[in-house]
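One letter stands for each residue in the lines below.
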Amino acid sequence: QLQLVESGGGLVQPGGSLRLSCAASGSRFSIYAMGWYRQAPGKQRELVATITSAGSTNYADSVKGRFAISRDDAKNTVYLQMNSLKPEDTAVYYCTRQNYFSIYVPESWGQGTQVTVSS
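Residues numbered from 1 in each chain as written. Predicted model: local features only at pLDDT ≥ 70, side-chain atom pairs only at ≥ 80, totals over all residues. Heavy atoms only, no water.

Draft legend 1. Expanded view of the pattern of salt bridges. Taken as a whole and judged by the stated rule, the model has 6 salt bridges. The partner of aspartate 89 in a salt bridge is arginine 38, and the shortest N-O contact between them spans 2.9 Å. One end of the pair, aspartate 89, is in the loop between strand E8 (77–82) and strand E9 (91–98); the other, arginine 38, is in strand E4 (residues 34–39), with 51 residues separating them in the sequence. Residue classification places aspartate 89 among the buried residues on the basis of a relative accessible area of 0%. The exposure class assigned to arginine 38 is buried, which follows from its relative accessible area of 5%. Residues joined in a network through salt bridges with shared partners are Arg38, Glu46, Arg66 and Asp89. (Salt bridge = Lys/Arg side-chain N within 4 Å of Asp/Glu carboxyl O. Helix = DSSP H or I, 4+ residues; strand = E, 2+ residues; numbered from the N terminus. Buried < 20%, exposed > 50% of the residue type's maximum accessible area, 1.4 Å probe, protein only.)

On their own, these measurements won't tell you what the molecule is for.
Below you can see the structure in the form of structure tokens.
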């Protein structure tokens, strides 16, 4: 049974940085694309970033140039480095494992970690 456990969320001032981590249990982590999604209060869940098994990345326009997704297959961990944070980045952030055949379809979700950007 796959488990995804996020960590690293918290309260940060505008312009600050946070790094989220997601540790995955189970084998064969390296063959899957992984992703980060977020859901702000009163809004729909949205894609933030994905990374393929080969390391190719994709970002939402709203975070391009500020966020970076990466992975360490030896540690079964995916990261989201968030810089120049804005109040509108406030949301619960979810780690996902993407579908093997359709890398933009999330199939497993973590429990989420809260990120709050406020002065």
